[in-house]
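The primary structure of each chain is shown beneath.
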Amino acid sequence: MNERPSIKIKPGTGRLPRLKLTGGKSAGGARVPGLRVLAPIVPPGNVTGQALILVIAIMSFLACLAVGAVSLVNKSAETWQSQIAREATIQIRPADDFDMDAALQKAEAIAEQFPGVRGARIIGREETVALLEPWLGSGLGLDELPVPRLVVVTIDEANPPDFARLSATIFEQVPHASLDDHRAWVDRLVGMARTTTAIGVTILALVLCALVLTVIFATRGAMAGNQHIIEVLHFVGAETGFIARQFQKRFLLIGLKGAGIGGAAASFVFLTPAAWQAMTRATPLNDQATALFGRFLLPWSGYLWIAIVIAVIAAMTTLTSRMTVIRSVREIDRLRADPSLLDFN
């Protein structure tokens, strides 16, 4: 007569011992009496895995899109800011009985000799006409319209000049001249980048909050389906941490799958326009899109942030499920200690 072994909790550990399979099948295929293979404490069917994976994937997709968009905008803003800050412009307005060519040469000479300036270049008449042609049409004569003339000043970014002093010098020595250092445009670009970053961080925070609430409800649903198992395990001496680990392992896999799917989809969204720009290079449509929106190539730091978001979402899913289980088990202890708190309705 076979004796069934008893299950004992290891003293001081609160863990259930791992049971070895003593039964099985013989060489002839007959089943040998013994212990059955134990099912997991949290059966996969009791956790609405597919639906939760889909929800986590959607939220991860939105979060990764926000992070990638912020990285893309910041990169473009840094490029524009560097290009704008690299140059300054001297503008000379025309006037009656005014020698424009002499004023241009004098402004160029003053700028070239100023500390912190790498060089200066006069925008010629043909180049000025080409700049105005998209707005005023062809056949434009500069003598017919009071069009200002420009001198482009190249700035030493490592050692920029004193713009206030340079502006005062040009204003004093060159009539009808003024210096535009583009600081207003730089301030606008910085403000736009900061606003975009704030919006992206807000979206990311909202998505993570919604994810935490979703995981809490999913964990409670899984615990409701396994309430009797949890109570029996806790009653025979299983520690709260042991029970929580059974849930967090399941939710870790769910979080990794969902976050990985969402992150991969977001990466594909960023790779698609970059590949389109690479394949349609030197075409009018590509040139217009690049001029308006810049390059859609996400920097490597953007993909690094996407990977970080995936890891954070998986970790939050695991941690949230663990905390929910621990709180629920403590609630069981509280109700057991004071049965009057039970609601019999």
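Residues numbered from 1 in each chain as written. Predicted model: local features only at pLDDT ≥ 70, side-chain atom pairs only at ≥ 80, totals over all residues. Heavy atoms only, no water.

> Tell me about the overall build of the protein chain, residues and numbers included.
Summing up its helical and strand segments, the protein chain has nine helices and six strands in all. Going through the 345 residues of the protein chain one by one, you find that 33% of them count as buried. Contacts spanning at least 24 positions in sequence make up 77% of the contacts within the protein chain whose residues lie at least 6 apart. (Helix = DSSP H or I, 4+ residues; strand = E, 2+ residues; numbered from the N terminus. Buried < 20%, exposed > 50% of the residue type's maximum accessible area, 1.4 Å probe, protein only. Contact = heavy atoms within 4.5 Å.)

> Could you give an account of unusual backbone geometry, with specific residues and numbers?
A positive phi is found at Asp-97, a non-glycine position, where the angle reads about 55°. On the secondary structure map, Asp-97 appears in the loop between strand E3 (87-92) and helix H2 (100-112).

> Give me the nonpolar core: which residues, what numbers.
With 36 residues, the main nonpolar core has Ile-230, Ile-243, Phe-247, Ile-313 and Val-325 as its most contacted residues. Listing elements by their share of this core, those giving two or more residues are helix H1 (49-85), helix H5 (183-225), helix H6 (227-235), helix H7 (240-279) and helix H9 (300-337). When residues in this core are grouped by element, the largest group, nine residues, is from H7. Aside from chain neighbours lying at most four places away, what touches Ile-230 is Met-223, Ile-243, Phe-247, Val-329 and Ile-332. By size, the runner-up hydrophobic cluster in this structure holds 21 residues, among which are Met-100, Ala-111, Phe-114 and Ile-170. (Core = buried A, V, L, I, M, F, W, Y, C linked by side-chain atoms within 4.5 Å.)

> So what's going on with the sheet that holds strand E6 (residues 177-180)? Residues and values would help.
If you walk across this open sheet you meet the four strands as E4-E5-E3-E6, and the pairing is antiparallel. At either end of the open sheet lies a strand with only one pairing partner, and these are strand E4 (117-122) and E6. Pairs of neighbouring strands in the sheet enclose a mean axial angle of 20°, with direction left out of account. For E3 and strand E5 (residues 149-155), the ladder comprises six bridges, and the chain directions are antiparallel. Paired with Ile-92 across the two strands is Arg-149, which belongs to E5. The strands touched by helix H4 (residues 163-173) are E3, E5 and E6; relative to E6, the strand with the most contacts, the crossing angle is about 165°. (Pairing = 2+ DSSP bridges. Axes fitted to C-alpha atoms, helices over the stretch in contact; angles between N-to-C directions.)

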